[in-house]
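Summary of the model geometry
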Amino acid sequence: MQSFTGSWETRLFDFSKHSTAAAVTTATASEFIAQSQIAMPHGNGSALVPFELWPAQREVLARLEHDRLLMLLKARQIGMTWLTCGYVLWRCMQRTGRTVLLFSQGQLEANELIERIRLMHTTHADRALPALVTDNTTELEWANGSRIKSLPATRKAGRSFTASIVVLDEFAFMAWGADLLAAVKPTIDNGGQLIILSSADGNGSVFHQFWQAAVAGSNGYTPLFLDWKANKTRDDGWRDARMAEGLSASDVLREYPANDIEAFTHATGLVYDVWADPGNVTEAAAFIPDGGDVLWGVDDGYSGAVDKATGLYTATSHPRVFGLYQLRHDGTLVRFAESYATHTLSEAQIADVLAMGYPLPEYAVVDSSAAELRGRLSDAGIPAFGGTHPVEEGIKVMRRFLALDANGHRRLLVHPDCTHFRAEMASYRRDDSGRLVKAFDHGPDECRMVCYKLRYE
C-alpha cells in the first residue's frame with residue numbers, strides 16, 4: 001500500500017525501554033495504534049485501556065493515511081480525537097524530523113491533545129520507540145528529531161513554521177477560524193497534511209460553508225461525516241434512550257447528529273425537536289399499492305433557488321411543495337414522495353406530480369391563501385381543501401404524529417428520498433423571542449395541514 005508520505009512494512013514489537021536512538025517504527029498505522037493505550041472514564045476517575053479500533057475509526061484512519069486535505073465532521077464521543085492523536089504520533093515515530101502543529105480553541109484545549117499523545121507514547125507496547133528529549137505542556141520532541149507543538153487558535157498562529165501535519169481541532173468553535181486557516185495552510189503546501197476536525201456549529205457558519213464546498217468538491221478537501229453510531233457500543237435505540245432519561249431532544253440531536261444536515265442545525269429552537277432522522281425516516285415509508293389512501297399536502301410558492309453546493313433550497317426561497325402521503329390501514333401516515341419547484345406554473349407542476357404514476361389522491365390540503373392553486377387542482381379532478389387552522393395548533397398536532405407514542409411507535413414516517421423535506425425539518429426554527437422564522441417552512445407547513453385534517457376534520 002502506498003500513502004502520500006511513502007510506503008511501510010511490518011515488524012515484530014519488542015518490549016525493552018524506549019530507545020534514545022533515532023529509531024523509527026515500521027508498523028502500519030492500525031498496528032501501531034492498537035499497541036497504545038488511552039484513558040477512559042471509570043468511576044470518579046479514568047482507567048487506561050487498550051486502543052481498540054472500531055470499524056468507523058478504521059475507515060477514517062484509511063483516509064488519514066492517504067488524503068492530504070481532510071475535513072472530519074463528527075458527533076460527540078466517538079473517539080476521533082484519540083484516533084487523530086494516535087495517527088500523528090505514528091507519523092512522528094514513522095519518519096525522522098517531522099513537525100506537527102496542533103491547534104484548538106485555546107491553549108488549555110491544545111495542551112490536552114499534547115497530554116493524550118504523551119500518554120499514548122509512554123504506555124506504548126513498543127519500547128524501542130524514540131525517547132522524548134523535550135517534554136512539557138506545549139511541546140514534545142523525540143530523539144529522531146520529530147516534534148509536536150500545541151498552539152491556541154489565534155489569527156496568525158503557526159505562520160513561522162513549515163509543518164508536516166497541521167490539526168485544527170474543533171475548528172467550528174475557533175474565534176478566528178478563517179484567519180487561522182489562511183495562516184496555517186501555507187505551512188503544509190510543500191507536501192504536508194491538514195486535518196480539520198470538528199462537531200458542527202450551525203447553518204451559515206464558516207465551518208458550514210467550508211463543509212459545503214468540500215461536499216461539492218470545490219475546495220480540494222475530502223469530507224467525512226461520522227454519525228452518532230460511529231461509537232460501536234450504541235444500538236439503534238441509543239438516542240431515544242437518552243431522551244427518555246430526561247435529556248431534551250434538542251440537546252441529543254445537537255450533540256449526536258445522524259447526518260450532516262442535522263449536524264449543522266442548531267437544535268435549540270427547532271419547531272419540531274421531536275423529529276428524528278433516522279427514526280421518522282425509513283425505507284418502510286415507500287408507497288405500497290393498495291396499502292391505503294393517497295393524500296396530497298400542498299404549500300404554494302414560486303420564487304427562490306437551489307444552493308449548488310448542497311442541492312437544497314436556500315433559506316430565502318419559497319418553493320411550491322407537493323407532499324405525497326399514504327394513510328396506511330393501521331393509521332400510520334407515510335410521506336413517500338415529494339415535488340419542490342420554483343419559477344414553475346402550478347398547472348405544470350401538477351402535471352409533473354401526476355406523471356409520477358401514483359394513484360390520484362382522495363383529496364389535497366392546500367394553504368388557505370392559494371385559491372388559484374386549489375382551482376387548478378379541481379380542474380385536474382382532485383378535491384382540494386384549504387388549511388384554515390391556527391398554525392400553532394397545527395404544530396401541536398404534527399408534533400404528536402412525529403413523536404414516539406407510549407408503545408414506541410411514530411405515526412408519521414418519511415421516505416429517505418424526501419431530501420428537501422428532511423433538510424427543512426432539521427432547519428425550521430423559532431427565533432430567540434419564540435417567533436416562527438419564515439425559512440425552511442414550506443414542506444413542514446403542508447405536512448402540518450395534512451396532519452391537522454386527519455386529526456380534526
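Heads up: the structure comes first, above all this text.
Residues numbered from 1 in each chain as written. Predicted model: local features only at pLDDT ≥ 70, side-chain atom pairs only at ≥ 80, totals over all residues. Heavy atoms only, no water.

1. A look at the overall build of the chain
So the rule is basically this: Each helix is a run of DSSP H or I of at least 4 residues and each strand a run of E of at least 2, with the numbering of both proceeding from the N terminus. Only protein chains enter the accessibility calculation, which uses a 1.4 Å probe. A residue is then buried if its area is under 20% of the maximum for its type, exposed if over 50%, and partly exposed in between. Between two residues, a contact is recorded if the distance between any of their heavy atoms is within 4.5 Å.
Summing up its helical and strand segments, the chain has 14 helices and 18 strands in all. Overall, the C-alpha framework of the chain stretches about 85 × 45 × 45 Å when taken along its three principal axes. For the chain, the residues scored as buried account for 53% of the 457 residues in total. Summarising the internal contacts of the chain: among those between residues at least 6 apart in sequence, 68% fall at separations of at least 24.

2. A few points about the sheet that holds strand β15 (residues 333-341)
Quick note on the threshold: Paired strands, as defined in this entry, are two strands with at least two bridges between them according to DSSP. With axes taken as lines fitted to C-alpha atoms, and helix axes fitted only over the stretch in contact, angles between N-to-C directions fall between 0 and 180 degrees.
Ordered by their spatial adjacency, six strands build an open sheet running β17-β16-β11-β14-β15-β18, and the pairing between neighbours is mixed. Two strands close off the open sheet at either side, each with one partner strand: β17 (384-387) and β18 (412-414). Strand-to-strand, the axes of this sheet are offset by a mean angle of 30°, without reference to chain direction. Where helix α11 (residues 371-379) meets the sheet, its contacts fall on β11 (292-299), β14 (320-328), β16 (363-367) and β17, and the angle it forms with β16 comes to roughly 165°.

3. Considering the pattern of salt bridges
If the charged atoms of two oppositely charged side chains come close together, the side chains can form a pair. Note the cut-off: Criterion for a salt bridge: a side-chain nitrogen of Lys or Arg within 4 Å of a carboxyl oxygen of Asp or Glu.
Applying the stated criterion across every chain yields a total of 25 salt bridges. Across the salt bridge formed by E52 and K232, the nearest N and O atoms sit 2.8 Å from each other. Highlighted residues: E52 in the loop between β2 (45-50) and α2 (55-66) and K232 in the loop between β10 (222-226) and α7 (238-244), separated in sequence by 180 residues. Given the relative accessible area of 47%, K232 is considered partly exposed. Note that D273 and R399 form a salt bridge whose closest N and O atoms lie 2.9 Å from each other. Of this pair, D273 sits in the loop between α9 (260-263) and β11 while R399 sits in helix α12 (residues 391-402), and the two are 126 residues apart along the sequence. What makes D273 partly exposed here is its relative accessible area of 21%. Assessed through its relative accessible area of 28%, R399 is described here as partly exposed. Several salt bridges share partner residues, and in doing so they unite K438, D441, D445 and R448 into one network.

4. A closer look at the pairing of strand β4 (residues 99-104)
In terms of burial, β4 is largely enclosed, as six of its six residues are buried. Pairing between β4 and strand β7 (residues 147-152): six bridges, direction parallel. Directly across from F103, in β7, lies its bridge partner L151. When β4 meets strand β8 (residues 165-169), the two strands line up parallel, connected through four bridges. Looking across to β8, one finds that F103 is bridged to L168.

5. Observations concerning unusual backbone geometry
Of note, the bond from D277 into P278 is cis; its omega dihedral lies within 30 degrees of zero at 5°. Along the chain, P278 falls in the loop between α9 and β11. Phi at E170 is positive, roughly 55°, even though this residue is not glycine. Along the polypeptide, E170 turns up in the loop between β8 and α5 (177-184). Its relative accessible area of 15% is what places E170 among the buried residues. Even without being glycine, D290 reaches a positive phi, approximately 60°.

6. Considering the side chain of T332
Tracing the backbone shows T332 in the loop between β14 and β15. Setting aside residues up to four positions removed in sequence, T332 forms contacts with Q326, L327, R410, R411 and L413.

7. Points about α5
Definition in use: Relevant arc is that of directions from the helix axis to the C-beta atoms, nothing else.
Where α5 is concerned, the buried positions are G177, L180, L181, A183 and V184. Projected down its long axis, α5 shows its buried positions confined to an angular sector of 165°, all on one face. In the core, the buried residues of α5 are packed alongside β4, β8, β9 (193-198) and α6 (206-216).

Bear in mind that shape data such as this cannot, by itself, settle questions of function.
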